[in-house]
2 protein chains.
Amino acid sequence: MASDPIKVLVVDDEPNIRDLLSTSLKFNGFSVYAVGNGNDAVVAAEKGHPDIILLDVMLPDMSGFAVTKKLRSMSIDVPVLFLTARDETADKVTGLTVGGDDYLTKPFSLDEVIARIQAILRRTQKADVEQSVLEVGEIIMNEDAHEVFVNGEMVDFSPTEYKLLRFLMSNANRVLTKAQILDHVWEYDFGGEMGIVESYVSYLRKKLDPLTKEPVIVTKRGVGYMYKTPKKEK
Amino acid sequence: MASDPIKVLVVDDEPNIRDLLSTSLKFNGFSVYAVGNGNDAVVAAEKGHPDIILLDVMLPDMSGFAVTKKLRSMSIDVPVLFLTARDETADKVTGLTVGGDDYLTKPFSLDEVIARIQAILRRTQKADVEQSVLEVGEIIMNEDAHEVFVNGEMVDFSPTEYKLLRFLMSNANRVLTKAQILDHVWEYDFGGEMGIVESYVSYLRKKLDPLTKEPVIVTKRGVGYMYKTPKKEK
DNA sequence: GTGTTTGCTGAGAACCACCTTAGAGACCAC
DNA sequence: GTGGTCTCTAAGGTGGTTCTCAGCAAACAC
């Protein structure tokens, strides 16, 4: 977070998604510009020099692929994170993630978006982003390899468990409410109850606690959960 | 409290709640403007440039979500603290804590409102507010972690105990009547007796006094209670 | 001193938050 | 398909939390 903020261009025709992404990304320190169709996207990419583009595949005027093709032909090599509906993924997206590109299926979770953006920027070295290794307390999380080591021992996690742990770790020593956790770790259209957070915290504890000196995830009754490190800092 | 006062826009269709919040917030040094429906809220947010909005989810003309959506689409990124009825929480909460936003269920306590507002402003760094660490006398309260240290030793408190202690500490060396305490720490529709304040003061003392040199909560008979620090500051 | 008021505290009942687990169903790999 | 993993729900159990009450102690007034 030292130098200039990372510039993100968001391209999606659904205002809801656009606002959701804008709000979330801005809050995470990115500079965001959002447009709703392909033509505007090309213009914005040309003039705004974004560091990365979040690009919906289905746009009203032209496909997201056409947008990138146009950009490449203009020698604009900004990396792209495609957003696709679940059924578009298999056949269409394959082979598109050339270069540093990647794709994400809708509905996604906000924490996942941030993580993917940082992964792409790390790979393309276009900007200084957070380390790919997140080390907090007794746990080391390697974002590139998707591996977690607890006091030197590797532990397997399901995708959701991994995302939850990452969110807790990146907010170490701060209480997070179940609503916050739900909003960031689960997909944005999740319609279920907050009890699922309790379940997944339970799963994490079952795997983590046998390997740590003290419980790392503490319950703040009536408030939420907190990933706690032994050392106390301000 | 150095520079300009923090501007709060209150949006609620119930005049009682509006007055309650306005009075309380003004008394706490905020500059308050209150409206009763969504359209007025959008106009007020546009013209008044508030630092934060307290927004009821159920409004007569449009939902609180629609209001924020409209604001976001106008690139007005002011953080929002949603006010929801208890039964709305479960299904509707998803997406509320995106960005710097947060939510509070009705009925709430006034002290909680202040604390949440300060927490949001702290996170979004939109204004200079109090530190997240409240240190008064021998007690250190970390608001982010919801942890309290008494002379270096961590002490657990229930949510109500915590709120009471926070209220006493933030009014250190000032006598608070039981009625004041009840009004600020308990939910605004609490129907019980003031004896409960005595009970909770007793709970606090039982936990605090063994760790402090002298009692920190003193009784002013016939008046109320006071959190007392050894050194006296203005 | 006596009586009255006010505050303190422990006990207990009702409630609620949380933990854990089992299981149904979706999804994926082979 | 078939088996396995993963997600999510539901339900029982547990202990924490809230609040009331009643008896006792302390302060006060006379």
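Structure shown above.
Given the structure is predicted, the values throughout are model-derived calculations rather than measurements.

(A) Examining the interface of chain A and chain B more closely. Residue-level contacts link 28 residues of chain A with 26 residues of chain B. Summing both partners gives a buried area of about 2300 Å² for chain A against chain B, and 54% of it is carried by carbon and sulfur. When the area that chain A buries against chain B is broken down by residue, the three leading residues are T23, F27 and D183 of chain A, summing to 22%. Applying the counting criterion to the chain A and chain B interface returns 3 salt bridges. Counting across the interface, chain A meets chain B through 6 residue pairs in polar contact (both at pLDDT 80 or more). With 7 residues, helix α1 (residues 15-27) of chain A is the single largest residue contributor to the side of chain A that touches chain B. For the side of chain A that touches chain B, the class distribution of residues is 10 nonpolar, 8 polar and 10 charged.

(B) Structural detail: the protein's contact with DNA strand D. As a structural note, the neighbourhood of DNA strand D is formed by 24 residues, with S158 and T160 of chain A together with S158, T160 and Y203 of chain B the closest of them. Counting only atoms of DNA strand D within 4 Å of the protein, the fraction found in sugar and phosphate groups is 70%. Here a base nitrogen of DNA strand D sits 2.7 Å away from a polar atom, N or O, in the side chain of Y203 of chain A. For the surface near DNA strand D, the elements supplying multiple residues, two or more each, are α6 (159-169) and α8 (195-208) of chain A together with α6 (159-170) and α8 (195-208) of chain B. Considered class by class, the residues forming the surface near DNA strand D number 12 nonpolar, 8 polar and 4 charged.

(C) The arrangement of the pattern of salt bridges in detail. Evaluation of the coordinates by the stated rule reveals 29 salt bridges over all chains. Between K106 of chain B and E14 of chain B there is a salt bridge; the shortest N-O distance is 3.2 Å. Remark: E14 of chain B occurs in the loop between β1 (7-11) and α1 (15-27) and K106 of chain B occurs in strand β5 (residues 102-106); sequence separation between them is 92 residues. Taking the relative accessible area as the measure of exposure, K106 of chain B reaches 11% and is therefore buried. Among the charged side chains, a network of salt bridges with common partners joins D102, D111, E112, R116, E143 and R166 of chain A.

(D) Seen up close, the packing of aromatic side chains. By the definition in use, this model includes 10 aromatic pairs over all chains. Seen in terms of ring centroids, F65 of chain B and F82 of chain B are 5.7 Å apart; in terms of plane orientation they differ by 50°. Their pairing is tilted. Of this pair, F65 of chain B sits in helix α3 (residues 64-73) while F82 of chain B sits in strand β4 (residues 80-85), and the two are 17 residues apart along the sequence. Taking 6.3 Å as the distance between ring centres and 50° as the angle between the ring planes, the aromatic pair formed by W186 of chain B and F190 of chain B counts as tilted. Exposure remark for F190 of chain B: the relative accessible area of 33% places this residue in the partly exposed category. Connected via pairs of aromatic rings, a cluster forms that spans W186, F190, Y200 and Y203 of chain A.

(E) A look at the packing of helix α2 (residues 38-48) of chain B against α3 of chain B. Residue and element names in this part refer to chain B. Direction vectors running N to C along α2 and α3 enclose 30°, while the axes themselves pass 10 Å from each other. Judged by the angle between their axes, α2 and α3 are roughly parallel. Seen along the crossing, α2 lies across α3 with a hand that is right-handed. Every residue of α3 that contacts α2 at G38, A41, V42 and A45 is listed here: V67, K70 and L71.

(F) Region of interest: helix α3 (residues 64-73) of chain A. All names here are of chain A. Turning to α3, its buried residues are G64, F65, V67, T68 and L71. Viewed end-on, α3 has its buried residues packed into an arc of 155°, placing them on one side of the element. Opposite the buried face of α3, by more than 90 degrees, sit the exposed residues K69 and S73. S75 lies just past α3 and shows a positive phi near 60°.

What counts, and where the lines are drawn
- Residues numbered from 1 in each chain as written.
- Chains lettered and ligands numbered in written order.
- Predicted model: local features only at pLDDT ≥ 70, side-chain atom pairs only at ≥ 80, totals over all residues.
- Heavy atoms only, no water.
- Contact = heavy atoms within 4.5 Å.
- Buried area = accessible area lost by both parts, 1.4 Å probe.
- Salt bridge = Lys/Arg side-chain N within 4 Å of Asp/Glu carboxyl O.
- Polar contact = N/O pair within 3.5 Å; in protein donor to acceptor, adjacent residues only side chain to side chain.
- Helix = DSSP H or I, 4+ residues; strand = E, 2+ residues; numbered from the N terminus.
- Nonpolar A, V, L, I, M, F, W, Y, C, P; charged D, E, K, R; others polar.
- Near = heavy atom within 4 Å.
- Buried < 20%, exposed > 50% of the residue type's maximum accessible area, 1.4 Å probe, protein only.
- Phe/Tyr/Trp six-rings, centres within 6.5 Å; stacked < 30°, edge-to-face > 60°.
- Axes fitted to C-alpha atoms, helices over the stretch in contact; angles between N-to-C directions.
- Parallel < 35°, antiparallel > 145°, perpendicular 65-115°, else oblique.
- Left-handed = near helix turned anticlockwise from the far one by under 90°.
- Arc of directions from axis to C-beta.

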